[in-house]
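Remarks on the overall topology
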Amino acid sequence: MTTAARQIRDLSREEALDRLGSISLGRIVFTRNALPEIRPVNHLLDGHTVIIRSHLGAAIVSAAAERGVVVAYEADNLDPVTHLGWSVIVTGTAYLIREPAAIAHYQQRLRPWIARDMDYVIAIGADLVTGIELTAIR
Amino acid sequence: MTSRTDPASRLTRHLPREEALRLLEVVRLGRIVFVSRAVPAIRLVTHTLTDGRLVIGAAYDAELASVLVRPGLSHVVYQTDRIDPATQLGWSITLTGRVALIQSSGELDQLTPRLHQWNGQPCDLVAWIHPELLTGTAVEAITNDDAAADSPR
């Protein structure tokens, strides 16, 4: 693999959110007992809010339910061989969606990567958005 | 016939440690996850597997560097996956372990050529992660053979 003929560009907030909204799979990063955890999940973008469905267990859900909890969310579309593509990281406060109509709405539009019984809908505010894009130089 | 994305046509299974280690050798790109100033953080890095230990390489990053040089060994999580965006079939592996920055020039000379940074930048930070906990999940399509198999899963 040659890594020379490529350029890295920072994505603007809008560009990064556009790319995030163009795919459905990402990874949520959260802390449990002061240790980091990560899980692949499906997402959708509603305005500037990342919506995920999750069975992440009591830790993140209870923390998100009370007063929100800071999480990171990463999604990328990188070629496995050339590694060209983009990566976006959102850091923001996650909170549990409680309104039944909103839950039903999102559950219809989002399918979980792994089907489980315990299913919550979590919203992540895009407080901090960073993204980079790697393109080949021709 | 059901769609491949229909949950009824998919099988989720845990990956045994040996299979997870084998898959870690197939890919070079992963994500190191750590806690920085009480906030979860994630960075895309490259990896290689050597003698049952994972070696990661990353461009210099102040937050990541502070985790790697912390006195005592920090616990980090490393994750990599290959999931088809269209069918959502694929696998994800998560490894938890203590991380240690490699500073010996002998080891660096040996390991750095094996690390190809995904963004083409040099690997300024090279670290071991000693895998203490390795878990993996695969989501696979159920084939007719699986459906006809006698042994239940």
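Please read these numbers as outputs of a predicted model, since none were measured by experiment.

1. Comments concerning the confidence of the model for chain A
The share of residues in chain A with pLDDT of 70 or more is 86%, and the mean pLDDT across the chain is 87. When mean pLDDT is taken per element in chain A, helix α1 (residues 13–22) of chain A scores highest with 97 and helix α2 (residues 58–66) of chain A scores lowest with 66.

2. Notes on the pattern of salt bridges
The tally for this structure, following the rule as stated, stands at 17 salt bridges over all chains. Between Arg31 of chain B and Glu74 of chain A there is a salt bridge, with the nearest N and O atoms lying 3.1 Å from each other. Separated into two different chains, Arg31 of chain B in strand β2 (residues 29–36) and Glu74 of chain A in strand β5 (residues 69–78) make up a pair that spans both. Put simply, Glu63 of chain B and Arg43 of chain B hold a salt bridge, and the shortest N to O gap is 3.0 Å. Of this pair, Glu63 of chain B sits in helix α2 (residues 62–68) while Arg43 of chain B is found in strand β3 (residues 39–50), placing the two residues 20 residues apart along the sequence. Taken together, the salt bridges that share partners define one network made up of Arg27, Glu74 and Asp76 of chain A together with Arg31 and Asp81 of chain B.

3. Points about the nonpolar core
Core analysis: the biggest nonpolar cluster contains 29 residues, and Leu24, Ile32, Leu54, Ile56, Tyr78, Ile93 and Ile129 of chain B have the highest contact counts within it. Elements that contribute at least two residues to this core include exactly α1 (17–26), β2, β3, β4 (53–58), α2, β5 (74–83), β6 (90–101) and β7 (125–141) of chain B. Of all the elements, β7 of chain B adds the most residues to this core, at 5 residues. Those residues in contact with Leu24 of chain B that sit more than four places away from it in its chain are His47, Leu49, Leu54, Thr80, Ile93, Leu95 and Leu134 of chain B. Residues Ala16, Leu17, Ile28 and Val69 of chain A belong to the second largest nonpolar core, which totals 23 residues.

4. Focus on the side chain of Glu37 of chain A
For Glu37 of chain A, the location among the structural elements is in strand β3 (residues 35–46). When its relative accessible area of 17% is taken as the criterion, Glu37 of chain A is described as buried. There is a polar contact of 2.9 Å between the side chain of Glu37 of chain A and the side chain of Arg39 of chain A. The residues contacting Glu37 of chain A, other than those within four sequence positions of it, are Ile28, Val29, Phe30 and Arg32 of chain A together with Val33 of chain B.

5. Observations regarding unusual backbone geometry
Even without being glycine, His83 of chain A reaches a positive phi, approximately 65°. Inspection of the secondary structure assignment puts His83 of chain A in the loop between β5 and β6 (85–96). Residue class for His83 of chain A comes out buried when judged on its relative accessible area of 1%. Phi angles above zero are rare outside glycine, and Gln88 of chain B is one such case at about 65°. Examined against the element boundaries, Gln88 of chain B turns out to sit in the loop between β5 and β6. Taking the relative accessible area as the measure of exposure, Gln88 of chain B reaches 0% and is therefore buried.

Conventions we followed
- Residues numbered from 1 in each chain as written.
- Chains lettered and ligands numbered in written order.
- Predicted model: local features only at pLDDT ≥ 70, side-chain atom pairs only at ≥ 80, totals over all residues.
- Heavy atoms only, no water.
- pLDDT = per-residue confidence, 0-100.
- Helix = DSSP H or I, 4+ residues; strand = E, 2+ residues; numbered from the N terminus.
- Salt bridge = Lys/Arg side-chain N within 4 Å of Asp/Glu carboxyl O.
- Core = buried A, V, L, I, M, F, W, Y, C linked by side-chain atoms within 4.5 Å.
- Buried < 20%, exposed > 50% of the residue type's maximum accessible area, 1.4 Å probe, protein only.
- Contact = heavy atoms within 4.5 Å.
- Polar contact = N/O pair within 3.5 Å; in protein donor to acceptor, adjacent residues only side chain to side chain.

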